[in-house]
2 protein chains.
Amino acid sequence: MTGQKRLYFFGDGKADGTAAMKDLLGGKGANLAEMTNLGLPVPPGFTLTTAVCAEFLSHGGVRPAGLEEEIDEALEWMDGVIGARFGDPANPLLVSVRSGARRSMPGMMETVLNVGLTSRTLPGLISRTSNPRFALDAYRRLMMMYADVVMEKAEGIEPDEGEGVRARLERKLGDLKRRRGVLEDTDLTAEDLERLIGEFHRIIRKTLGRPFPDDPREQLLGAIGAVFRSWNGKRAVAYRRIEGIPDEWGTALTVQAMVFGNTGDRSATGVAFTRNPATGENLLYGEWLPNAQGEDVVAGIRTPRPLSRSGSLTGGDRRGRGGKPRRSSSAPRRRPARQPELPALDEAMPEPYRHLVEIRRRLERHFRDMQDLEFTIEEGRLWMLQTRTGKRNGVAAIRMAVEMAEEGLISRKEAILRVRPEQLDELLHPRVDPRAEGKAEVIARGLPAGPGAGGGVVVTTAEKAESWAKRGKKVVLVRTETSPEDIQGMHVAEAIVTAKGGMTSHAALVARGWGKCCVVGCSELDIEARKGIVRAGQRTLHEGDPITVNGTSGTVFAGAVPLLPSDPQSSPHYRCLMGWADEVRRLRVRANADRPGDAAQSRSFGAEGIGLTRTEHMFFDSQRILAMREMIVAETPEERRKALMRLLPYQRRDFEGIFRAMAGLPVTIRFLDPPLHEFVNLDSKQTAALARVLKVPPSKLAARIAQLHEQNPMLGHRGCRLGITYPEISEMQARAVFQATVALRRKKIEAIPEIMIPLVGTVAELADQERIVRRVAAEVRDQSGIDFPYTVGTMIEIPRAALTADQIATRAEFFSFGTNDLTQTTYGFSRDDIGSFLPQYLARGILPADPFQTIDRQGVGALIRTAIKKGRRIRPDLKVGICGEHGGDPASVEFFHQAGLDYVSCSPYRVPAARLAAAQAALGDEESGREKEPERQKERERQNELVHHGGVA
Amino acid sequence: MTGQKRLYFFGDGKADGTAAMKDLLGGKGANLAEMTNLGLPVPPGFTLTTAVCAEFLSHGGVRPAGLEEEIDEALEWMDGVIGARFGDPANPLLVSVRSGARRSMPGMMETVLNVGLTSRTLPGLISRTSNPRFALDAYRRLMMMYADVVMEKAEGIEPDEGEGVRARLERKLGDLKRRRGVLEDTDLTAEDLERLIGEFHRIIRKTLGRPFPDDPREQLLGAIGAVFRSWNGKRAVAYRRIEGIPDEWGTALTVQAMVFGNTGDRSATGVAFTRNPATGENLLYGEWLPNAQGEDVVAGIRTPRPLSRSGSLTGGDRRGRGGKPRRSSSAPRRRPARQPELPALDEAMPEPYRHLVEIRRRLERHFRDMQDLEFTIEEGRLWMLQTRTGKRNGVAAIRMAVEMAEEGLISRKEAILRVRPEQLDELLHPRVDPRAEGKAEVIARGLPAGPGAGGGVVVTTAEKAESWAKRGKKVVLVRTETSPEDIQGMHVAEAIVTAKGGMTSHAALVARGWGKCCVVGCSELDIEARKGIVRAGQRTLHEGDPITVNGTSGTVFAGAVPLLPSDPQSSPHYRCLMGWADEVRRLRVRANADRPGDAAQSRSFGAEGIGLTRTEHMFFDSQRILAMREMIVAETPEERRKALMRLLPYQRRDFEGIFRAMAGLPVTIRFLDPPLHEFVNLDSKQTAALARVLKVPPSKLAARIAQLHEQNPMLGHRGCRLGITYPEISEMQARAVFQATVALRRKKIEAIPEIMIPLVGTVAELADQERIVRRVAAEVRDQSGIDFPYTVGTMIEIPRAALTADQIATRAEFFSFGTNDLTQTTYGFSRDDIGSFLPQYLARGILPADPFQTIDRQGVGALIRTAIKKGRRIRPDLKVGICGEHGGDPASVEFFHQAGLDYVSCSPYRVPAARLAAAQAALGDEESGREKEPERQKERERQNELVHHGGVA
């Protein structure tokens, strides 16, 4: 990095950086520069680049040569701008030291405020502000943060539970407040604080073995090192794994002049969104606190106040705007605000408020997206401390995208790219059944932080949430408040409920990011996490008790209240966006559905056919499984055929139902795939019972079952290998399909079957099964006198099929990539057994992602491209789709688009996301004509920005 | 096939065809044409092409239009040549109708002789030959064959055991002979035969519901159809599966004028080889019978006579020839001939014999290879009925190839191509330990039809041989004589023993083809196959009793006599041939060996290094397995390291032994590969015992074992996944390797370790393990002060590794293809579970061969080529080998040569075959410069020619 600029100034109306320099300056630093250049009131400062961080960390925490001198120069420049001087006893400049990565990692790294306060500068601050209590409080805050972050954590001292220096200092502060009988820090007197500071010095020296540093420059350099080091803190590393952020990025670091919202009643601090992040409503929206520092707003100790009567986060969506209908089911219905008479900022400080409204307008015009702002008012003067693209839930993302496009702020294509496909899931989330909701027992009300509904059993710790979820339990995590340590447990919970915190609390932000059902600030709840007890008024819940959460209304119910699937079509913004998406996408989207109900559901979500009907699921019904088992133990083709004849009518009926639901659309039916032993997974008692029913000797049955056992069933006697060794099975399935087709065609319902042969590895296998299918089709046609179209194709799910796709295409009319099995065989990974090493592989970066979630482009993807090229060379009109889990994964959908597939098929609930992802992939093509991954990635990063709550000065 | 010539004449000194037209005329037809063109005495006839057969069969057995007319014309032409007329009552022409495929399928298809004899032509034959007994016997033979082959089998009538028409006729004939008190058919009088023929007519009409056809043309057309149809007979289809002959080839068919060896004492018939097919000795060699038809020679009813005193099949190798040493260990030691005074042909019929010797010379010069001849002498006149390249065993093949090259008949390159690599196996076959042999109880002596030795338990039916062998038993098949129905059982037997038959009997020919130990003509043996009893003089053996067979001396011993491995180096012909082979091959050959003894063995077979040392086998020793298990149940890296430290000295010692055996040659060591549960495969009792030893609670141990269970272990936690999750294991293994290296280098023994990381799928996996290896190497180097070279590479055994080989080559210094696992993952086949469908796949032609035996060039091969190309693009000097089972398969070796590998590695006993296969592959390149498969295939076909014993007229 020699020769590269390491330090970027901003302040006094001009900045070295711009918003485009996020990779170098981090999101925070880049946007501070941009705001400065826009002429907005930003306290001056400078940003050290991510490259400095990377060098610092790779050299074991040694500062690059010459950096200290550059920092000294920068401080001098700041002195000049702000008129105060770092370390000056008379008029001291205080600074904040904050992290800021390319992508926001909220709360995952450290911040140190009030740096520069020492025994020599404290008197200067007192005299400058004439507010000893404020100045002493600032010193007290610096000591707590610094001792914790710089002196303890950055040194790698890992305290036992409750024994860290911060906890000791907190306890001391708590004791003092209790002794003084006050609730808020601000109620302590200067004398109280002076004594407390003395105690703090003693505790720090005792706990950490060295005194609190009294030199401003030592403080600053220590804080810089600690913040850089926090990039490799446990939480930060864990978060990066989940979010897929590379370790080598490093964080930028901003040193900025402090401004204070807590100097008195003419000061305040707050956060704001330029539009409502929960509903998308086009209205300034936020919270503030008078005489406070930023951390107070998000800490949930004091209840924040609305910016205006109409723009309160607790105020609800009362006005129809932008010509949109008033009643939108996706707009949360709000409970009445808890403290209706808290003063709004527009009333309490009208001038700074007007200034803020004006800044909001300028920032939205400039950034062309919803902004998330942090501001401080010091003695009546507004300072902007941060702007970033605001995090939003899916409902809001859709509404903003559509309305901004209609306002002309962005184009329709941009609107399509603004919504992450996963965000659509929120609209598809279950709702609480309104008929049941009225009768359900409400145990708490709070802020609707994450829409949708979720139900499960109460857990009060993240660890419990994780372990129960691993065992298949649906859990609702109920916490007093959440912290970054809880994210794993939050991730697996069906819903999150907190007793404390507002719409910008940790729980709310994280839930919104994931589109997860969440209710925060349920002040009625009293939670004893260790005992696993939740008290709600008179009622006591224990871990394991079922509850239901309505995240749209902010209500928590006792018991398991029935949920209903959502109806996204009722949202006009959704309909509009999906319409635009459908116009631009080239990939068709189908659904994987095995039952008529699922088929209908998927059609309502926009599926354009069924890409996978797994016929085996049809056999597990109790009536059918018997015939299935009889078939399995049959010793001759005749016996087998007899048992199969009993299954035929069931299969036919299933197919009729699915064909009816998908009338006029193609339905791909996969022939029997799993190994037969899956149908006779019986203990000895069940075996005996089955033997009685089947009238065979138990020993013979047991022997047959044992014979079916396989070492590696995944690679065993399954797929078309079954149909080849037991042609009667394929014959029955073909007959059921074609008889159903004919039955519907008699009723003028257009059934379009596509027969899919699984696990083909050589063209001879496919040819064998194709012969059976075509013979049966001819027989059914002859018997019924009704003609019908159909096609025969194959799954491409083992490498050999992909490698010999040219041969296979001589017989297959379509390919459908079974990417689950193809991933298993390409990696040599058994999905069932991967748990013993995959977590370590991901944690250590040996795999960048779970290849069963997101398609492996280099390995599996190479086979897919090969198969398509070879297949289409032989049969140019070969239809190519994919029906593995990856069909619903947006990143994978993009690959499938690029690879030239005709369609993706995914579970019904992922159909809308796939449609949008397909549209985004098509737009990616259009823009660059080629490889679009970097741009998509950037857009995704933009969308991923989360509010950082390291504290607002 | 319209427009294609369908019918090829030969006779009267000229022929339409040549020897090069085997694809069209079959081996037999093409060589009859060639002999005719050479001016040899061949009865005239014509051949219908294989294409006619294919058309006939694909049209459901309907003769192609116009074919009958062409046949009629052909018969007229034959009439002209031979001076007799088909169907002429006065001077009738009789013909034979025989199959003849591109590759010989001995006894697998049908033949009909004497076609054209009817009630109207019989008197003509009698008067022409003045031999009523002969003529009636010919008619009797025709009836038996025709009723069986044409009237019953070709119509698809499947008789129950012993109820077929042939069996009924045989019984009738037997009854008559018993009544008349005669042993041989020729002893029956004309009157006997006349009466018998009357009976035959009745039996045929009764059994088959229609009379024996009395029209010559009907007989001929029926016979032609039946012979064509026999291409799809059960035996023929089964044989094609084993030999890998495509179903679509079809057979050619030859109609030829009959000549008779059984008209009286001036007639004879016989078979001959131009060199000894068992030893390779350069001498005319064969058997004959006076007054006989060809089938009598091979049937074993009459004892055939030697052609000359010196060239008798039972005469032994008494003369040193061609400058070769007299005592060759590969020359069978012969017992004295059973009937020492049987007259030889050179004495009994000196003129025809001289003619035969002259023809032998001309044929060897012409075909430049050993020929297998059939001849008939009719009234003193020699007729040649067949020549083909003669089948030989491995010992003979090597001697002939070397001697012919030294004689200048062929080039050295041709000599190399003349020996099938598999044939070398015979020289590596075990021998009976000579020290034990003297004391062993001889129960029978016979003809040494297949050299080497084999031991196992007696079975008397092919079915039993198959079923016992399937269960892992080594069996020796003991039969009165063998028939094509027995081939499956013969295939699995360790050795074959027959009571009847000579060196050209079915058993002898088949065993020679496979290089299998075989003794025929043990006339002391009396076998009751149904009861499973073998009587040898006073001794009675039952199925399940152990016996041992010396196929080189022709002796059968009671009990399990110790066997010794063979010492091929003692054969000068072998040494000479392998020397030539080593000069031309480019591929290096290594061995897979896990123990010092195996390593030394492989080195004596010419291995140029170890390509695979499986370290896990070293852990199964009883002392070591305990430490291994302790390691597995360890809960912390420290505990694990402790247990591993106890394994370290064992591993080091193993490596020292192997390095010593391979001093100066590279040794590739694969790190631990199998899933850990393979080491704790315990029942509950064993678990409890182990728990006591390890001092852990049994429940905890059981839980750990249960935790290790996997759904698909093949795709589970194994290979480098172990080394990554338990880095201590790789560390210990690396340390053992390098400490052993240093220990030997101290003693000036050059150890060259190559560390191989298994089951790599991504370069990150390899990089992780490589880091450990290089760190430990540096440590050992520093500690010992001794420097040593080593390399780190990887197995390429899962598709993703092949697909991303360019990335992997950035870290790997060598690739070794693990084709076993690569085949498993590329096909999605579990080798352990394939038994449930592979037999059907092979039987139905869905797979052309077992892909675990012979490399799948299209699928697995494509991945191999991709990996080499990508790997060498990054690292041009990348060393590439293969260490799967395919390394010893000649067809696969050819592919590996073509694909550009540096070496193959195979089991020690396959090393010589691999060396020869590598030389042949290199010669293939040289000749055509490119794709050599067709030529190799042809050569293999040539070598595969087996004597067809449908009967010699």
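Residues numbered from 1 in each chain as written. Chains lettered and ligands numbered in written order. Predicted model: local features only at pLDDT ≥ 70, side-chain atom pairs only at ≥ 80, totals over all residues. Heavy atoms only, no water.

Draft legend 1. Quick peek at the overall build of chain A. Across its full length, chain A holds 36 helices and 34 strands. The C-alpha radius of gyration of chain A comes to 32 Å, within 12% of the 30 Å expected for a compact globule of 953 residues. C-alpha extents for chain A along the principal axes are approximately 100 × 60 × 55 Å. A burial count over chain A gives 63% of its 953 residues as buried. Counting contacts in chain A only where the partners sit at least 6 residues apart, residues at least 24 apart contribute 71% of the total. When the accessible surface of chain A is totalled, it reaches about 35000 Å², and 49% of it is carbon and sulfur. Between the averaged position of the 136 positive side-chain charges in chain A and that of its 125 negative side-chain charges there is a distance of 4 Å. (Helix = DSSP H or I, 4+ residues; strand = E, 2+ residues; numbered from the N terminus. Rg over C-alpha atoms; globule rule 2.2 N^0.38 Å. Buried < 20%, exposed > 50% of the residue type's maximum accessible area, 1.4 Å probe, protein only. Contact = heavy atoms within 4.5 Å. Areas by Shrake-Rupley, 256 points an atom, 1.4 Å probe, with all protein chains shown as cover. Lys, Arg positive; Asp, Glu negative; His and termini not counted. Charge placed at Lys NZ, Arg CZ, Asp CG, Glu CD.)

Draft legend 2. Structural view of the relation of the copies chain A and chain B. Expressed as a screw operation, the relation of chain A to chain B combines 0.1 Å of axial shift with a rotation of 178°, fitting to an RMSD of 0.5 Å. Both chain copies can therefore be described as sitting about a two-fold axis. In this assembly, 100% of the residues forming the interface of chain A have copies in chain B that are likewise at the interface, indicating an isologous arrangement. (Least-squares fit on C-alpha atoms with pLDDT ≥ 70 in both.)

Draft legend 3. Fine view of the sheet that holds strand 28 (residues 610-614) of chain A. Residues and elements named next belong to chain A. Spatially, 27-28-29-30-31-32-33-34 is the arrangement adopted by the 8 strands of the closed barrel, whose pairing is parallel. For this sheet, the mean angle separating the axes of adjacent strands, direction not counted, is 30°. Note that strand 27 (residues 588-592) and strand 28 share 2 bridges and pair parallel. If you follow Asn592 over to strand 28, its bridge partner there is Leu612. (Pairing = 2+ DSSP bridges. Axes fitted to C-alpha atoms, helices over the stretch in contact; angles between N-to-C directions.)

Draft legend 4. Layout of the pairing of strand 7 (residues 111-115) of chain B. Residues and elements named next belong to chain B. The buried fraction of strand 7 amounts to 5 of the 5 residues, a majority that puts the element mostly inside the structure. Summarising the sheet, strand 6 (residues 95-100) and strand 7 pair through 3 bridges and their orientation is antiparallel. By the bridge assignment, Val95 is partnered in strand 7 with Val115.

Draft legend 5. Examining the pattern of salt bridges more closely. Inspection of every chain in the model, using the stated rule, returns 129 salt bridges over all chains. The partner of Asp768 of chain A in a salt bridge is Arg844 of chain B, with the nearest N and O atoms 2.6 Å apart. With Asp768 of chain A in helix 28 (residues 763-784) and Arg844 of chain B in the loop between helix 32 (838-843) and helix 33 (860-874), this residue pair bridges two chains. With relative accessibility at 8%, the residue Asp768 of chain A sits in the buried group. Relative accessible area serves as the criterion here: at 36%, Arg844 of chain B is assigned to the partly exposed category. (Salt bridge = Lys/Arg side-chain N within 4 Å of Asp/Glu carboxyl O.)

Draft legend 6. Structural detail: the environment of Gly455 of chain B. All names here are of chain B. In this fold, Gly455 is placed in strand 17 (residues 453-459). Each C-alpha atom, one on Gly455 and one on Ala493, is 9.2 Å from the other, the two residues being 38 residues apart in sequence. Gly455 has contacts with Lys474, Val476, Glu494, Ile547, Thr548 and Leu563, leaving out every residue within four places of it along the chain.

Draft legend 7. Layout of the packing of helix 13 (residues 394-407) of chain B against helix 20 (residues 572-584) of chain B. Residue and element names in this part refer to chain B. Closest axis-to-axis distance for the helix 13/helix 20 pair is 9 Å, and the angle between their directions is 70°. Taken as axis vectors, helix 13 and helix 20 run roughly perpendicular relative to one another. As for how helix 13 packs across helix 20, the hand of that crossing is left-handed. In this structure, helix 13 uses Ile398, Arg399, Val402, Glu403, Ala405 and Glu406 to contact helix 20, whose residues at the interface are His573, Tyr574, Cys576, Leu577 and Trp580. (Parallel < 35°, antiparallel > 145°, perpendicular 65-115°, else oblique. Left-handed = near helix turned anticlockwise from the far one by under 90°.)

Draft legend 8. Molecular detail of the confidence of the model for chain A. Residues and elements named next belong to chain A. Chain-level pLDDT for chain A is 88 on average; 92% of the residues reach the 70-or-more range. When the criterion is pLDDT under 50, residues 312-340 qualifies, and its contacts beyond four places in sequence or with other chains add up to 54 contacts. Every residue in residues 929-953 scores below 50 in pLDDT, and together they form 90 contacts with partners more than four places removed in sequence or on other chains. Across the predicted assembly, pTM comes out at 0.76 and ipTM at 0.76. (pLDDT = per-residue confidence, 0-100.)

Draft legend 9. Up close: the interface of chain A and chain B. Taken residue by residue, the interface counts 42 residues in chain A and 42 residues in chain B. Here chain A packs against chain B, burying approximately 3900 Å² in sum over the two surfaces, 55% of which is carbon and sulfur. It is Asn712, Leu715 and Arg800 of chain A that lose the most area in chain A upon contact with chain B, and together they represent 16% of the buried surface on that side. Applying the counting rule to chain A against chain B returns 4 salt bridges. Inspection of the region where chain A meets chain B yields 30 residue pairs in polar contact (both at pLDDT 80 or more). Breaking the side of chain A that touches chain B down by element, the ones donating at least two residues are helix 26 (720-725), helix 28, helix 29 (799-803), helix 31 (819-827), helix 32 (838-843) and helix 33 (860-874) of chain A. (Buried area = accessible area lost by both parts, 1.4 Å probe. Polar contact = N/O pair within 3.5 Å; in protein donor to acceptor, adjacent residues only side chain to side chain.)

Draft legend 10. Region of the structure containing a positive patch on the surface. A surface patch of positive charge is lined by Lys869 and Arg873 of chain A together with Lys869 and Arg873 of chain B. Looking at the positive patch, the elements with two or more residues in it are helix 33 of chain A together with helix 33 of chain B. The residue Arg873 of chain B is located in helix 33 in this model. (Patch = residues over 30% accessible without salt bridge, like charges linked within 9 Å, V, L, I, M, F, W, Y side chains within 5 Å.)

Draft legend 11. Molecular detail of the side chain of Thr826 of chain A. In this structure, Thr826 of chain A sits in helix 31. Polar side-chain contacts of Thr826 of chain A include one of 2.5 Å to the backbone oxygen of Leu822 of chain A. Excluding residues within four positions of it along the chain, Thr826 of chain A makes contact with Pro799, Gly859, Val860 and Leu863 of chain A together with Ile798, Pro799, Arg800 and Leu803 of chain B.

Draft legend 12. Inspection of the packing of aromatic side chains at higher detail. Counted according to the given criterion, the structure contains 29 aromatic pairs over all chains. The interplanar angle of 75° and the centroid separation of 6.3 Å between the aromatic rings of Phe619 of chain B and Phe679 of chain B together place this pair among those described as edge-to-face. Highlighted residues: Phe619 of chain B in the loop between strand 28 (610-614) and helix 22 (622-633) and Phe679 of chain B in the loop between strand 29 (666-670) and helix 24 (684-694), separated in sequence by 60 residues. Overall, Phe619 of chain B belongs to the buried group, its relative accessible area being 3%. Aromatic side chains Phe895 of chain B and Phe896 of chain B sit 5.8 Å apart centroid to centroid with 65° between the ring planes, which places their arrangement in the edge-to-face category. Phe896 of chain B matches Phe895 of chain B in its accessibility class, with the two residues each being buried. The ring of Trp249 of chain A is capped by Arg102 of chain A, whose NZ or CZ atom sits 3.8 Å from the centre of that ring. (Phe/Tyr/Trp six-rings, centres within 6.5 Å; stacked < 30°, edge-to-face > 60°. Lys NZ or Arg CZ within 6 Å of the ring centre and 35° of its normal.)

Draft legend 13. Quick look at helix 2 (residues 50-58) of chain A. Residues and elements named next belong to chain A. Along helix 2, the residues that are buried comprise Thr50, Ala51, Val52, Cys53 and Phe56. On its buried face, helix 2 is in contact with helix 1 (22-37), strand 3 (45-48), helix 3 (67-82), helix 8 (216-229) and strand 8 (251-257). Phi for Gly60, located one or two positions after helix 2, is positive at around 65°.

Draft legend 14. The pairing of strand 3 (residues 45-48) of chain B, seen in detail. All names here are of chain B. Here strand 3 shows a buried face lined by Gly45 and Thr47 and a second buried face lined by Phe46 and Leu48. With 4 bridges joining them, strand 1 (residues 7-11) and strand 3 adopt antiparallel strand pairing. By the bridge assignment for strand 3, Leu7 is matched with Leu48. Alignment of strand 3 against strand 8 (residues 252-257), held across 4 bridges, turns out to be antiparallel. Across the sheet, the residue bridging to Thr47 is Thr254, located in strand 8.

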